[in-house]
Amino acid sequence: MCGRFSLTRGDRDDLENAFRVRLPSGMAWRPRYNIAPTQEVLAVVEDERGRRIEPRRWGLIPSWASDPQIGNRLINARAETLFERPAFREAARRRRCLIVADGFYEWQRRPDGRKVPFYIRRRDGGLFGMAGIWEEWQSPEGPVRTCAIVTVEANDLLAPIHPRMPAILSPRRYDAWLDPRNARAADLVSLLLEPYPPEELECYPVSRSVNRAEYDGPECVRPLRPS
DNA sequence: CCAGACGTTGTT
DNA sequence: GTCTGG
DNA sequence: CCAGACGTTGTT
DNA sequence: GTCTGG
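Residues numbered from 1 in each chain as written. Chains lettered and ligands numbered in written order. Predicted model: local features only at pLDDT ≥ 70, side-chain atom pairs only at ≥ 80, totals over all residues. Heavy atoms only, no water.

Draft legend 1. Molecular detail of the nonpolar core. With 63 residues, the main nonpolar core has Phe5, Leu82 and Trp177 as its most contacted residues. In this structure, Tyr33, Trp107, Tyr119 and Cys220 belong to the second largest nonpolar core, which totals nine residues. (Core = buried A, V, L, I, M, F, W, Y, C linked by side-chain atoms within 4.5 Å. Buried < 20%, exposed > 50% of the residue type's maximum accessible area, 1.4 Å probe, protein only.)

Below, the structure is given as structure tokens:
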């Protein structure tokens, strides 16, 4: 699955080039090594007015939810059932997005029960878009925009670590995924299920500092042993 | 028709 | 064990 | 995802 | 929003 990720690099130009979008001039962010559920993430969204990058809270609250607490648990959505689940299908049809990242974490369970965190990133260190969906929930204080990250079966690189991974889209699939006029579930799911080329990624064990959601420093992504 | 419920993942 | 918060 | 909390009554 | 039950 995907319960933590990073956005450590990426200046304005990187983001604008990677996702072919213009950033609002006032938009600022700091390097994030340990992004956890309930925190703010950057989402590439698209509607009739065009493509934008906007913040979203990670943890999807369905529009009809009476209790927003539900969002603390809806952090991932399975690609295989995305268009069927009542909590997700409306967002899947009309509110797809890309979650901007440059790495993510998976925990490997060892035979003795210990869990070892691994960091996965592109070999070239570049940005990538994880498939996501988003929702808007009306709180008494105003609209709350939330999102979930779509997951798929692990590819060959990740399979030894964990059975699921985020759906990483190749850049040539970004347009089709984001296009709001595209609503054919079968086509969209097949985009998600295209395995991301394992040879473009690398994966190495990291220290347990990432376990603490409160810790957000470079220690999280440092290789435990040279990889 | 209206009222009322409705959630997910991954793990073992 | 289970739930909440980050 | 992981870490950390998790209780009640009655009284002031 | 959408589905189920009455």
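Resuming the write-up.
Draft legend 2. The sheet that holds strand S8 (residues 115–122), seen in detail. Strand order in this open sheet of five strands is S2-S1-S7-S8-S13, and the pairing throughout is antiparallel. The strands lining the two open edges of the sheet, one partner per strand, are strand S2 (32–35) and strand S13 (201–205). Strand-to-strand twist of the sheet, defined as the mean angle between neighbouring strand axes without regard to direction, takes the value 25°. With two bridges joining them, strand S1 (residues 5–7) and strand S7 (residues 103–109) adopt antiparallel strand pairing. Across the sheet, the residue bridging to phenylalanine 5 is phenylalanine 104, located in S7. (Pairing = 2+ DSSP bridges. Helix = DSSP H or I, 4+ residues; strand = E, 2+ residues; numbered from the N terminus. Axes fitted to C-alpha atoms, helices over the stretch in contact; angles between N-to-C directions.)

Draft legend 3. Geometry of the protein's contact with DNA strand E. Every residue lining DNA strand E is accounted for by Trp64, Arg89 and Glu90. Considering DNA strand E, the proportion of its atoms within 4 Å of the protein that are sugar or phosphate atoms stands at 36%. (Near = heavy atom within 4 Å.)

Draft legend 4. Here's a closer look at the environment of glutamate 40. Within the secondary structure, glutamate 40 is located in strand S3 (residues 40–47). The exposure class assigned to glutamate 40 is exposed, which follows from its relative accessible area of 58%. Separated by 16 residues in sequence, glutamate 40 and arginine 56 place their C-alpha atoms 5.5 Å apart. Apart from residues lying up to four places away in sequence, glutamate 40 is in contact with Arg32, Ile35, Pro55 and Arg56. (Contact = heavy atoms within 4.5 Å.)

Draft legend 5. Geometry of the protein's contact with DNA strand D. Every residue near DNA strand D is listed here: Met1, Gly3, Arg4, Pro37, Ile75, Trp107, Lys115, Asn211 and Arg212. When atoms of DNA strand D within 4 Å of the protein are sorted by moiety, sugar and phosphate together comprise 81%. In the environment of DNA strand D, a base oxygen lies 2.8 Å from a nitrogen or oxygen atom belonging to the side chain of arginine 4. Residue asparagine 211 places a side-chain N or O atom 3.2 Å away from a phosphate oxygen belonging to DNA strand D. Counted by class, the surface near DNA strand D contains four nonpolar, two polar and three charged residues. (Polar contact = N/O pair within 3.5 Å; in protein donor to acceptor, adjacent residues only side chain to side chain. Nonpolar A, V, L, I, M, F, W, Y, C, P; charged D, E, K, R; others polar.)

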